[in-house]
Amino acid sequence: MIKLIAIDMDGTLLNSQKQIPTENIVALQQASKKGIKIVLCTGRPKSGIVPYFEQLGLTDEEYIIMNNGCSVYNTKNWDLIVSEELSYAEIKRLNRTCASYDDVYLTLTGDKSYYVLADEVPDLVQYDASLVFDTARAIDEFELKKEGEIIFQAMYMAKKASLDVFQADVDKELSQDFSTVRSQEYIYEILPQGISKASGLKQLARKLHIAPSEIMALGDAANDVEMLAFVGVSVAMGNASDDIKRRCRYTTNSNDDCGVAKAIYDYALLGR
């Protein structure tokens with residue numbers, strides 16, 4: 001019996017217009033009323049999640065795994081219950097790594113802020129910040145350390161061709177000390193070692209006394225792989241790559257055809 005549903009957002013819960021289809025909202029409300037915990041599990045920071053979570057209209061206390069597993073919040077008081085962070089020394093290293101790549105920008109997701117280590121905010125970075133209802137702030141290493149904010153994860157941003165070259169040059173070295181993932185064509189993410197959506201989900205499942213076999217997860221992209229492998233019922237979106245589909249037990253409709261709702265009815269609510 002499914003007791004928890006872990007749901008990626010972009011490409012999964014959200015359609016191509018970055019909206020939640022009504023059918024998904026209705027299905028999630030029905031699952032919640034049956035006592036199933038609903039857990040959004042996303043690479044987004046808090047600013048890019050809360051407006052969507054409020055649309056779901058869920059009344060029970062739920063949990064959200066953010067920043068690809070670096071932070072877990074409950075939704076009752078928005079308390080931070082799990083936190084993984086990058087040290088200032090690690091951030092300095094990451095900044096040095098891209099210093100000779102003029103068109104690659106290091107961005108940082110903090111507990112409250114969206115930073116870019118630069119003299120000014122590049123258009124690509126501000127575009128990404130706007131997708132999570134935030135505004136990027138340009139900052140230098142000295143001011144960053146002075147502010148002392150928790151930094152959950154880093155993201156290198158560049159146009160695809162430039163980021164392809166950069167990732168090929170540095171991934172072997174960085175992946176020895178960090179968890180790395182290419183989450184989008186213009187984003188190469190750097191997380192603390194061993195951290196992923198799955199690590200956040202494991203900690204939350206232990207807290208709630210829920211076994212992996214009692215969890216259903218839905219996703220579509222590379223940063224969902226560990227999460228999908230961890231759970232008992234893994235569901236690939238119809239818009240996912242063939243590799244993601246091969247890794248999953250089931251495949252549902254695409255994110256533009258209410259695949260989340262279909263999966264909930266087919267695999268979580270069937271027989272309840």
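Source: prediction; values computed, not measured.

Some details on the sheet that holds strand E3 (residues 63-66)
Right, on to step 1. Strand order in the open sheet formed by eight strands is E5-E4-E3-E2-E1-E12-E13-E14, and the pairing between neighbours is mixed. Both edges of this open sheet fall to strand E5 (80-83) and strand E14 (250-251), since each of them pairs with a single strand only.
Right, on to step 2. Of the strand pairs in this sheet, strand E1 (residues 4-7) and strand E2 (residues 37-41) are connected by four bridges, and their pairing is parallel. Residue pairing in the sheet places Ile7 in a bridge with Leu40 of E2.
Right, on to step 3. Its contacts with the sheet put helix H10 (residues 259-268) on E1, strand E12 (215-219), strand E13 (233-236) and E14, and the angle it makes with E12 is roughly 155°.

What to know about the pairing of E2
Right, on to step 1. Most of E2 is tucked away: four of the five residues are buried.
Right, on to step 2. Handedness of the β-α-β unit built from E1, helix H1 (residues 22-33) and E2 comes out right-handed.
Right, on to step 3. As defined by bridge partners, E2 adjoins E3 across three bridges and the pair is classed as parallel. Following the sheet pairing, Val39 is matched in E3 by Tyr63.
Right, on to step 4. For the crossover that starts at E2, traverses helix H2 (residues 50-56) and ends in the parallel E3, the hand is right-handed.

Examining the nonpolar core
Right, on to step 1. In terms of nonpolar packing, the biggest core is built from 39 residues, with Ile5, Ile7, Leu40, Met216, Leu218 and Ile264 touching the most fellow members.
Right, on to step 2. Breaking this core down by element, the ones donating at least two residues are E1, H1, E2, H2, E3, E12, E13 and H10.
Right, on to step 3. Among the elements that take part in this core, H10 stands out by supplying five residues, more than any other.
Right, on to step 4. Ignoring any residue separated from it by four or fewer positions in sequence, one finds Leu218 in contact with Ile5, Ala6, Ile7, Asp8, Thr12, Met227, Leu228, Val235, Met237, Gly259, Val260 and Ala263.

Description of helix H6 (residues 160-174)
Right, on to step 1. Largest kink in H6: about 35°, centred on Ala168.
Right, on to step 2. Taken residue by residue, H6 has Leu163, Phe166, Gln167, Val170 and Leu174 as its buried positions.
Right, on to step 3. The secondary structure elements touched by the buried residues of H6 are helix H3 (88-97), strand E9 (151-157), strand E10 (178-184) and strand E11 (187-192).

Conventions and cut-offs
- Residues numbered from 1 in each chain as written.
- Predicted model: local features only at pLDDT ≥ 70, side-chain atom pairs only at ≥ 80, totals over all residues.
- Heavy atoms only, no water.
- Pairing = 2+ DSSP bridges.
- Helix = DSSP H or I, 4+ residues; strand = E, 2+ residues; numbered from the N terminus.
- Contact = heavy atoms within 4.5 Å.
- Axes fitted to C-alpha atoms, helices over the stretch in contact; angles between N-to-C directions.
- Buried < 20%, exposed > 50% of the residue type's maximum accessible area, 1.4 Å probe, protein only.
- Right-handed = clockwise from strand over helix to strand, strands pointing away.
- Core = buried A, V, L, I, M, F, W, Y, C linked by side-chain atoms within 4.5 Å.
- Bend = angle between axes of the 7 residues up to and from the residue.

These results come straight from atomic positions and should not be treated as a statement about function.
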